[in-house]
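Listed below, chain by chain, are the residues.
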Amino acid sequence: DAGITQSPRHKVTETGTPVTLRCHQTENHRYMYWYRQDPGHGLRLIHYSYGVKDTDKGEVSDGYSVSRSKTEDFLLTLESATSSQTSVYFCAISVGGGADTQYFGPGTRLTVL
Amino acid sequence: AQSVTQLGSHVSVSEGALVLLRCNYSSSVPPYLFWYVQYPNQGLQLLLKYTSAATLVKGINDFEAEFKKSETSFHLTKPSAHMSDAAEYFCAVSRVNAGGTSYGKLTFGQGTILTVHP
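Residues numbered from 1 in each chain as written. Chains lettered and ligands numbered in written order. Predicted model: local features only at pLDDT ≥ 70, side-chain atom pairs only at ≥ 80, totals over all residues. Heavy atoms only, no water.

Peer 1: When you look at the overall build of chain B in this model, what are you seeing that I'm missing?
Peer 2: Helix and strand counts for chain B stand at zero helices and 11 strands. Along chain B, from the amino end to the carboxyl end, the secondary structure elements read β-β-β-β-β-β-β-β-β-β-β. Principal axes of the C-alpha set define a box for chain B whose edges measure 50 × 30 × 20 Å. Sorting the 118 residues of chain B into buried and exposed places 43% on the buried side. Considering only residue pairs separated by 6 or more positions, chain B has 58% of its internal contacts joining residues 24 or more positions apart. (Helix = DSSP H or I, 4+ residues; strand = E, 2+ residues; numbered from the N terminus. Buried < 20%, exposed > 50% of the residue type's maximum accessible area, 1.4 Å probe, protein only. Contact = heavy atoms within 4.5 Å.)

Peer 1: Explain the nonpolar core here, please?
Peer 2: Judged by nonpolar contacts, the single largest core of 27 residues is most densely connected at B:Trp35, B:Leu47, B:Leu48, B:Phe74, B:Leu76 and B:Tyr89. At the level of secondary structure, the elements contributing two or more residues to this core comprise strand E2 (10–14), strand E3 (19–26), strand E4 (31–38), strand E5 (44–50), strand E7 (64–68), strand E8 (73–78), strand E9 (87–95) and strand E11 (112–117) of chain B. Setting aside residues up to four positions removed in sequence, B:Tyr89 forms contacts with B:Gln6, B:Leu21, B:Trp35, B:Tyr36, B:Val37, B:Leu47, B:Phe63, B:Leu76, B:Gly111, B:Thr112 and B:Leu114. Counting 19 residues, the second largest nonpolar core, distinct from the first, contains A:Ile4, A:Phe74, A:Ala81 and A:Ile93. (Core = buried A, V, L, I, M, F, W, Y, C linked by side-chain atoms within 4.5 Å.)

Peer 1: In this structure, what is going on with the sheet that holds strand E7 (residues 64–70) of chain A? I would like to understand it.
Peer 2: Strands belonging to one sheet form pairs held by backbone hydrogen bonds; the direction of such a pair is parallel or antiparallel. Residue and element names in this part refer to chain A. Taken in spatial order, the four strands of this open sheet run E1-E3-E8-E7, and their pairing is antiparallel. The strands lining the two open edges of the sheet, one partner per strand, are strand E1 (4–7) and E7. Neighbour-to-neighbour, the strand axes of the sheet open up by a mean angle of 20°, direction not taken into account. Bridging between strand E3 (residues 19–25) and strand E8 (residues 73–78) involves six bridges; their strand directions are antiparallel. Bridging across to E8, Arg22 finds its partner in Leu75. (Pairing = 2+ DSSP bridges. Axes fitted to C-alpha atoms, helices over the stretch in contact; angles between N-to-C directions.)

Peer 1: Would you take a moment to explain the layout of surface pockets for this structure?
Peer 2: If a probe the size of a water molecule is rolled over the atoms, the empty space left behind becomes visible. As a volume, the largest pocket reaches approximately 510 Å³. Along the walls of the largest pocket sit 28 residues, with A:Gln37, A:Arg109, B:Gln38, B:Asn41 and B:Glu88 positioned nearest its centre. Only strand E4 (31–38), strand E9 (87–94) and strand E11 (108–112) of chain A together with E9 and E11 of chain B provide two or more residues apiece to the lining of the largest pocket. Top contributing element to the lining of the largest pocket by residue count: E9(B), with three residues. Looking at the lining of the largest pocket residue by residue, the classes come out as 11 nonpolar, 13 polar and four charged. (1 Å grid on protein atoms, 1.4 Å probe; cavity = no way out; pocket = protein on both sides within 12 Å on 5 of 7 lines; lining within 4 Å. Points joined across faces, edges and corners; volume = space filled by probe spheres on them. Nonpolar A, V, L, I, M, F, W, Y, C, P; charged D, E, K, R; others polar.)

Peer 1: I'm lost on the pairing of E3(B) in this one. Help?
Peer 2: Side-chain direction in a regular strand flips from residue to residue, so the side chains alternate between the two faces of the sheet. All names here are of chain B. Of the two faces of E3, the one holding Val19, Leu21, Cys23 and Tyr25 is buried and the one holding Leu20, Arg22, Asn24 and Ser26 is not buried anywhere. Relative to E3, strand E1 (residues 3–7) is paired through five bridges, and the arrangement is antiparallel. Along E3, the bridge assignment pairs Thr5 with Asn24. As defined by bridge partners, E3 adjoins E8 across four bridges and the pair is classed as antiparallel. Bridged to Leu21 within E8 is Leu76.

Peer 1: Which parts of the structure should I look at to understand the pairing of E5(B)?
Peer 2: Residue and element names in this part refer to chain B. Bridging between E4 and E5 involves six bridges; their strand directions are antiparallel. Each residue of the ladder has a partner; that of Val37, found in E5, is Gln45. In this structure, the hairpin formed by E4 and E5 is closed by a connection of five residues, where Asn41 is found at a positive phi of approximately 60°.

Peer 1: So what exactly am I meant to see when it comes to the pattern of salt bridges here?
Peer 2: If charged atoms from side chains of opposite charge come close, those side chains can pair. According to the stated counting rule, one finds six salt bridges over all chains in the structure shown. For A:Arg44, the salt bridge is made with A:Asp38, and the minimal N-O distance between the two is 2.9 Å. Notably, a salt bridge pairs B:Lys58 with B:Glu64, separated by 2.7 Å at the nearest N-O pair. Judged by relative accessible area, B:Glu64 falls into the partly exposed class, the value being 23%. Salt bridges sharing common partners tie together A:Arg22, A:Lys70 and A:Asp73. (Salt bridge = Lys/Arg side-chain N within 4 Å of Asp/Glu carboxyl O.)

Quick look at the structure:
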């Protein structure tokens, strides 16, 4: 258990509504990541953080924003959810980026109707 | 830009048979390479990683992978499959920037579902 929790674990929402997913870690790791998993695409990086208030975009960041106001929490927000954002979202943490192992949370299954 | 290709979205083997999952990457600079495993309804777990030390990397549960620069490959093998190996496997690459920094941003392959028959 890498001390990562994600909330909620399941969510169903409607198109156009805002959604926030939370990733919480107890490890005090510097790096945190948000990925989405879709069949046939593996996992794709949405945003990542390399410190408090230090965030940057990944390869599929359009329609998503993030915030990290304290080390242990990394929030992913869908400002106006669309059906194309129906996916499983995983948070990951690592000590130092680079070749350091990433530890993944249990995932959040989001359905946008 | 970097990319990862896993050859074969589904691989089926018999229990006790050799497991071979293929991964090819493209990267303009020497990469870090990873294999992760995902069991149903769970997050990903690291099997092994290559970080420019030994080219033959051993991981958990008797899995190993060999980095071959000339072939840009990092195939995953296991000598004898167990029923418990049934899962989805992901190859991933993390790039080192020109300045020598790396934020650990992973690019994943599409995944290979391994089925093990009794």
